[in-house]
Amino acid sequence: MMLEIKGLIKKYGEFTAVDDIALHIDEGEIVGLLGPNGAGKSTTISMIATLFKPDSGEILFEGKDIVKNPKVIQPFIGYVPQEIALYETLSGYENLKYFGALYGLNGKALKDQIMRISEIIGIGDRLKDRVSTYSGGMKRRINIGVGLLHNPRLVIMDEPTVGIDPQSRNHILDTVKKLKTEGISVLYTSHYMEEVEALCERIYIMDHGKIIANGTQDALLEQSKIQSGMKLKFEKPVAQIVDQIKAISWVTKVKVLDEYEIAIQSTGNGNSHKDILKAIMAMDSGLVSFDIQKPDLEQVFLHMTGRGLRD
Ligand SMILES: Nc1ncnc2c1ncn2[C@@H]1O[C@H](COP(=O)(O)OP(=O)(O)O)[C@@H](O)[C@H]1O
Ligand SMILES: [Mg+2]
């Protein structure tokens, strides 16, 4: 285990922002921390980045206590804060050079590293322009570049795509995928369900300071017994087969929409649809078409909290 958090608590005065959470990240894993605004995501990752200490609990990096000794993680962690921290009057290149020098890089090694990183963040031909002329998304990409200069083994990103254009957003998602191919671990924080679904192998869902669910996407959908839907059309009247369909395992509800069409509710992940369809086809039912509504993490959150992620 690369990073392990146990019993982590952080209070702001009387208010508990992070309330006894556990979390771990393995080498080379992309882990998502998903939750609505105010969930406690930034507070959690600020403590991993050693910006401040928890009130109680442990944060271990490769088994070593980073709360007692921040130096055991600092050389190996890249932290990309939500706020842009760049010099506007300098170019992207000069910013990377400045921050690289702070990490002790210089000469050819620094130049090579800037070139390698601008490749990863996809900034290319705009590197020599002043940061003040960049779009919000381009600034965000340089900000990520700064977090990568010292070749960290673990990168933590705090909502890196909030308020930026779709093109930059795609560049950032690509950057995270590139980091994975280089064996770098990523903790990706977001309140966008789609991003976390697209990037992360394992996901922690946070709300009101607590981790309310965690696991792979399939496991989360399975655990919370999310209902998914399917509509089916037949060339024969459906009345005779409705009872048979109700008896298929996974199926929880069957609604007759008209003489030739039904809607099915079922539990389980995407695979259960396959089993249901096989069973229906074996009935000589005259199935002509079907339409699947796959469950997603938004529904998991809704199911567990009664609220949407973006309420
Ligand atoms: N410095 C602070 N002082 C007091 N309350 C804070 C402070 N920072 C954050 N909070 C509160 O702690 C909770 C968690 O905040 P935060 O970690 O920023 O959540 P998230 O990043 O998930 O939006 C929120 O209710 C927020 O208002
Ligand atoms: Mg935040």
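So, here is what we can say about the structure in this document.

Calculation notes
Residues numbered from 1 in each chain as written. Chains lettered and ligands numbered in written order. Predicted model: local features only at pLDDT ≥ 70, side-chain atom pairs only at ≥ 80, totals over all residues. Heavy atoms only, no water. Helix = DSSP H or I, 4+ residues; strand = E, 2+ residues; numbered from the N terminus. Buried < 20%, exposed > 50% of the residue type's maximum accessible area, 1.4 Å probe, protein only. Contact = heavy atoms within 4.5 Å. Near = heavy atom within 4 Å. Areas by Shrake-Rupley, 256 points an atom, 1.4 Å probe, with all protein chains shown as cover. Patch = residues over 30% accessible without salt bridge, like charges linked within 9 Å, V, L, I, M, F, W, Y side chains within 5 Å. Salt bridge = Lys/Arg side-chain N within 4 Å of Asp/Glu carboxyl O. Lys, Arg positive; Asp, Glu negative; His and termini not counted. Charge placed at Lys NZ, Arg CZ, Asp CG, Glu CD.

**What to know about the overall build of the protein chain**
Piece 1. Helix and strand counts for the protein chain come out as ten helices and 14 strands.
Piece 2. In the protein chain, which comprises 311 residues, the proportion classed as buried is 49%.
Piece 3. Considering only residue pairs separated by 6 or more positions, the protein chain has 68% of its internal contacts joining residues 24 or more positions apart.

**Digging into the site of ligand 1**
Piece 1. Around ligand 1, a shell composed of Tyr12, Phe15, Ala17, Pro36, Asn37, Gly38, Ala39, Gly40, Lys41, Ser42 and Thr43 is seen.
Piece 2. Its free accessible area being 560 Å², ligand 1 has 58% of it covered by the protein chains.
Piece 3. For the shell around ligand 1, the secondary-structure elements that each account for two or more residues are strand E2 (15-25) and helix H1 (41-48).
Piece 4. Per-element accounting of the shell around ligand 1 gives the leading share, three residues, to H1.

**Examining a positive patch on the surface**
Piece 1. There is a patch of like positive charges on the surface, built from Lys231, Lys233, Lys253 and Lys255.
Piece 2. Checked against the element boundaries, Lys233 lands in strand E11 (residues 228-234).
Piece 3. Lys233 sits in the partly exposed class, given a relative accessible area of 41%.

**Some points on the pattern of salt bridges**
Piece 1. Here the structure, examined in full by the defined rule, presents 14 salt bridges.
Piece 2. Between Arg202 and Glu29 there is a salt bridge whose closest N-O contact spans 2.7 Å. You can see Arg202 sitting in strand E9 (residues 202-207) and its partner Glu29 sitting in the loop between E2 and strand E3 (30-34), a full 173 residues away along the chain.
Piece 3. Relative accessible area serves as the criterion here: at 12%, Arg202 is assigned to the buried category.
Piece 4. Its relative accessible area of 11% is what places Glu29 among the buried residues.
Piece 5. A salt bridge links Lys236 to Asp284, with the nearest nitrogen and oxygen atoms 3.4 Å apart. Of this pair, Lys236 sits in the loop between E11 and helix H8 (242-246) while Asp284 sits in the loop between helix H9 (271-281) and strand E14 (287-293), and the two are 48 residues apart along the sequence.
Piece 6. Several salt bridges converge on common partners, so that one network encompasses Glu27, Glu62 and Arg153.

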